[in-house]
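The primary structure of each chain is shown beneath.
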Amino acid sequence: LGLCVSRASASVLNLNCCLVLLPMCRVLLAFLRGSQKVASKKTRRLLDKSKTFHVTCGVTICIFSVLHVAAHLVNALNFSENYNEDFLSLNAANYRGEVSQIYLMSGLVPGLTGVVMVLVLFLMCTASTYAIRVSNYDIFWYTHNLFFVFYMLLMLHVSGGVLKYQTNLEEHPPGCFNPNKTLRENMTLPKAFEESFPDYTTEPFPEDLSLPEPFVQNNFIRICSEEPKFQSHFPETWFWISGPLCLYCVERLYRYIRSNKPVTITSVISHPSNVLEVRMVKDDFKARPGQYVILHCPRVSALESHPFTLTMCPTDTKATFGVHLKVVGDWTERFRDLLLLHSNQDTEILPIFQQRRYPKLYVDGPFGSPFEESLNYEVSLCVAGGIGVTPFASVLNTLLDGWKCYKLRRLYFIWVCRDIESFRWFADLLCTLRNKLWQENRPDYINIQLYLSQTDGIQKIIGEKYQALNSRLLIGRPRWKLLFDEIAKCNRRKTIGVFCCGPNKISKILHKLSNSSNSYGTRFEYNKESFS
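All values derive from a computational prediction rather than experimental measurement.

Cut-offs and rules
- Residues numbered from 1 in each chain as written.
- Predicted model: local features only at pLDDT ≥ 70, side-chain atom pairs only at ≥ 80, totals over all residues.
- Heavy atoms only, no water.
- Core = buried A, V, L, I, M, F, W, Y, C linked by side-chain atoms within 4.5 Å.
- Buried < 20%, exposed > 50% of the residue type's maximum accessible area, 1.4 Å probe, protein only.
- Helix = DSSP H or I, 4+ residues; strand = E, 2+ residues; numbered from the N terminus.
- Contact = heavy atoms within 4.5 Å.
- Salt bridge = Lys/Arg side-chain N within 4 Å of Asp/Glu carboxyl O.
- Phe/Tyr/Trp six-rings, centres within 6.5 Å; stacked < 30°, edge-to-face > 60°.
- Lys NZ or Arg CZ within 6 Å of the ring centre and 35° of its normal.

> If you had to explain the nonpolar core to someone new, which residues and values would you point to?
Within soluble globular proteins, side chains that are nonpolar tend to cluster in buried spots. Membership of the largest hydrophobic core comes to 39 residues, with the highest contact counts inside it found for L399, F413 and W415. When residues of this core are traced back to their parent elements, those giving at least two are β12 (379–385), α13 (390–401), β13 (410–417), α14 (427–439), β14 (446–452) and β16 (495–501). Of the residues forming this core, the biggest block, six residues, is contributed by α14. Sequence-distant contacts of W415, that is, excluding residues within four places in its chain, are made with A384, G386, V389, S422, F423, W425, F426, L430, Q449, L450 and Y451. L276, F335, Y358 and L361 belong to the second-largest nonpolar core, a separate cluster that totals 26 residues.

If you want it as structure tokens, here you go:
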């Protein structure tokens, strides 16, 4: 039973160690997502679950690793108690009763690599928990990069050759007599057999002769012509993980070459509520609305890098692209201090431009996200929570350049923030887009609703040019059920794309409402990006 469980769990581990790398091939996913011919809308929506798929494979690896280790502990006892003196090459133990040294068999390779892999997997698993990721993201990032050590050890782990199979079944079929050994030492034969066949020949024997069944086949005694020979199984793990591992390594090499040239930072703008906007230029950089990039600043950290959603994409008329990042951790704090002349300056003035020599910054990407599909629906509902508005900012900037070339004909934009100053991050963008649509006689193209969830009284966005947004500002949280009913009523028998970037609480509510039926024949398709 121990061998069966260990082999079965090893097969599950091979499969999941193969699949867990595929969702991390971001260039491949971005290509599939952006190709209309290769991937349909349903396929692209499945690609949105890549992170969930990666986590599921990781949890499965942890569970079956525990099962695999437990099965081998049982095997250690079985190898010790069932020591076979007839077939010494099959024994994992050196003698009967040896338990403590069994995992040091076959040149120490399987045992030591197995122990180290368990330790590495334990570090990766514990550091991936939500509490550690939120409190100290650096621990999660560094321990997760131990996956390369894990895979190298995995390839060595299967090279021990503990399990073996017989190579000469024709010369030594199972259950045959070996004429070179004394049969009386191994078993007691019937007296009639000893009198009739003293030389153990293969002559036919009487049907009434009573012999043990394993030694008789077609009325002939099966005689071994040579000793049994055993050979270790060829490790199957190589077949499973070599392809995805090579694919991932090639992609990382391609990403390194592509991002090897630093970008040119054109401006840095400090926004309220500890939000920093960085605008950049890079040769031959192309991106679609909703995509994200990975920023790497060697002066901040030699190894560490972080993803940020593009809030401005390059177009045919301008090459500038930008990101908004919220200063919430050590990396963003050091990055802000390098970009701004003084890190403690007054952020109430919007915006503050800094003219200085900026540090080298490398950009890897762009990579795909679910928000690329927001322009491919006739009607889209975009819900943002706080800094989760960044994916929709690139969509709004794209619509500002021109909306007629896209399928989208109506956009519901819901933005929920805790403080009034957060709306000023993209207040200019919202007002400019609204005025543009009014001038083009399409005021119904975008429906803007701003919700201030925490307030001590009536507040407004300061500035005369924001009067249009003040009329859209509501106090409290959205009544999601009424909002969905109203949208469904105004868009009967249509398919509406629902996009959410914000806290999990809002995401769960929207997911549940999207899956619920309504009396208007309207279908809601839910898409989510979590930044928590």
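> How would you explain the pattern of salt bridges if you had to name every residue and give the values?
Counted according to the given criterion, the structure contains 15 salt bridges. The closest approach of N and O atoms between R410 and D444, which form a salt bridge, is 3.6 Å. Remark: D444 occurs in the loop between α14 and β14 and R410 occurs in strand β13; sequence separation between them is 34 residues. Connected through shared salt-bridge partners, E251, R255, R258 and D364 make up one network.

> Just give me the short version of the packing of aromatic side chains, but keep the residues and values in it.
Scanning the model with the defined rule gives 18 aromatic pairs in all. On the basis of an interplanar angle of 45° and a centroid distance of 6.4 Å, the ring pair of F371 and F499 is categorised as tilted. Taken together, the positions of F371 in the loop between β11 (362–367) and β12 and F499 in strand β16 put the pair 128 residues apart, joining distant regions of the chain. Pairing F413 with W415 gives two aromatic rings, centres 6.3 Å apart and planes at 55°, and the pair type is tilted. Taking relative accessible area as the criterion, F413 reaches 1% and is therefore assigned buried. Counting every residue linked through ring pairs, the aromatic cluster contains F371, Y377, F392, F413, W415, F423, W425, F426 and F499. For R26, the ring lying beneath its charged end belongs to F367, and the centroid distance is 5.9 Å.

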